[in-house]
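Chain residues, written in single-letter form:
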Amino acid sequence: MHDFGVYTRRELRSRNVTDSDLRRDVRREIYTPEGNGWYSIPSADPTALAAVRKHGALSCVTALEHYGVWLPPQVDKVHLRGNSQANRDHPGRYCRHFGRPLPVTTILDDPHTALRHALRCLDPEGITVVCDSLLNMSLRMRSGLLAAEVLTPGEVESAFDGAPEHIVACCNRCDERAASGTETMGRVRLRGLGLKVEVQAYVPGLGHVDLKVGDRLLIEIDSLAHHTGVHNYDEDHRRDQVATSLGLLRMPLTYKNVVYEWPTTVEKVLDAVRGGHHLSPRHRKMSADITAQRCELDNPRECPES
């Protein structure tokens, strides 16, 4: 339960604050009128109080963050939603969804309303990151690893109702198995390059790895900006040893590699692919044979002699 210290008159009534109680408490400065039927207490959250004074509610990615959803790292401002009048008075100030503005009845939007507004604020990758996070929370709840889900898979899907086709396509790219936003970002980008990427592939001795490219390139990605410690260092070496013993190539990536250094990072992945290191020896030979056959058919004089 989120209590930001700002309330509508209706919310105060639900707390059994009568009109006479409210008049008395305003005189005693227990509550401060903020206009348009809103009241605050002295310890009110500054961000929520600012939202009320801008005639809005915390919504979109700002609300989703309060529900524990993994957000794209580029999100750095407070996202507000306003009702129809607020949008007319201050065009461009508020997040919008694909539909008419909704009434503002509480300071923090429910997850479904927040997601509908995020669909119009985020780029396609960001939408997939957020929806993967919501779906993964639901999966973990069903597996007994989380006490409650924020939205059911059906509710996530219904948030796309009325959205344009290119936004709906983001829903079709989601995967509930993605354990972090950085994993989602890596998967979406690598598949966008035409690579075969398996999510949460199981490897004996390693458990589930974030991504497997081809037959043998394992990509494991830190989900946090800061991930250090002796245990992690030792575990990294153990995983390298297990992967090598199985004939697999392990490529660990940091949060920074994915979020801030992707052009350099993806070139390293592509170098491994160009060298055929993502393929098993059998598939690598098949790939080489196919390339040679195509070369012979297309440019017989330029093919190297076997």
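See above for the structure.
Residues numbered from 1 in each chain as written. Predicted model: local features only at pLDDT ≥ 70, side-chain atom pairs only at ≥ 80, totals over all residues. Heavy atoms only, no water.

Draft legend 1. Inspection of the overall build of the chain at higher detail. Per the secondary structure count, the chain includes 14 helices and 9 strands. Within the chain, the fraction of its 306 residues that count as buried is 43%. Within the chain, residue pairs in contact and separated by at least 24 positions form 58% of the contacts whose partners lie at least 6 positions apart. (Helix = DSSP H or I, 4+ residues; strand = E, 2+ residues; numbered from the N terminus. Buried < 20%, exposed > 50% of the residue type's maximum accessible area, 1.4 Å probe, protein only. Contact = heavy atoms within 4.5 Å.)

Draft legend 2. Structural detail: the nonpolar core. If you look at the biggest cluster of nonpolar residues, it comprises 43 residues, and the most contacted ones within it are Ile 107 and Leu 115. Elements with a contribution of two residues or more to this core: helix 3 (46-53), strand 4 (57-58), helix 4 (60-66), helix 6 (111-121), helix 7 (124-142) and helix 9 (165-172). Here this core gets 6 residues from one element, more than from any other, and that element is helix 7. Excluding its chain neighbours within four sequence positions, the residues that come into contact with Leu 115 are Leu 64, Val 130, Cys 131, Leu 134, Leu 151, Val 156 and Ala 159. In terms of nonpolar packing, the next biggest core, distinct from the first, is built from 23 residues, Val 129, Val 199, Val 259 and Trp 262 among them. (Core = buried A, V, L, I, M, F, W, Y, C linked by side-chain atoms within 4.5 Å.)

Draft legend 3. Spotlight on the pattern of salt bridges. By the definition in use, this model includes 19 salt bridges. With its nearest N and O atoms 3.0 Å apart, the salt bridge here joins Glu 34 to Arg 53. Here Glu 34 is found in strand 2 (residues 32-35), whereas its partner Arg 53 is found in helix 3, with 19 residues between them in sequence. The exposure class of Glu 34 is buried, given its relative accessible area of 16%. (Salt bridge = Lys/Arg side-chain N within 4 Å of Asp/Glu carboxyl O.)

Draft legend 4. Region of interest: the packing of helix 6 against helix 7. Where helix 6 contacts helix 7, the axes come no closer than 9 Å and their chain directions differ by 155 degrees. Comparing their axes, helix 7 and helix 6 come out roughly antiparallel. Seen from helix 6, the contacting residues are Leu 115, Ala 118 and Leu 119; seen from helix 7, they are Ile 127, Val 130, Cys 131 and Leu 134. Across the contact of helix 6 with helix 7, the residue classes tally to 7 nonpolar, no polar and no charged. (Axes fitted to C-alpha atoms, helices over the stretch in contact; angles between N-to-C directions. Parallel < 35°, antiparallel > 145°, perpendicular 65-115°, else oblique. Nonpolar A, V, L, I, M, F, W, Y, C, P; charged D, E, K, R; others polar.)

Draft legend 5. Spatial organisation of the state of the cysteines. This model, assessed by the stated rule, comprises 0 disulfides. The thiol of Cys 95 is unpaired, and the distance to the nearest cysteine sulfur, on Cys 121, comes to 3.4 Å. On the basis of relative accessibility, which here comes to 9%, the residue Cys 95 falls in the buried class. (Disulfide = S-S within 2.5 Å.)

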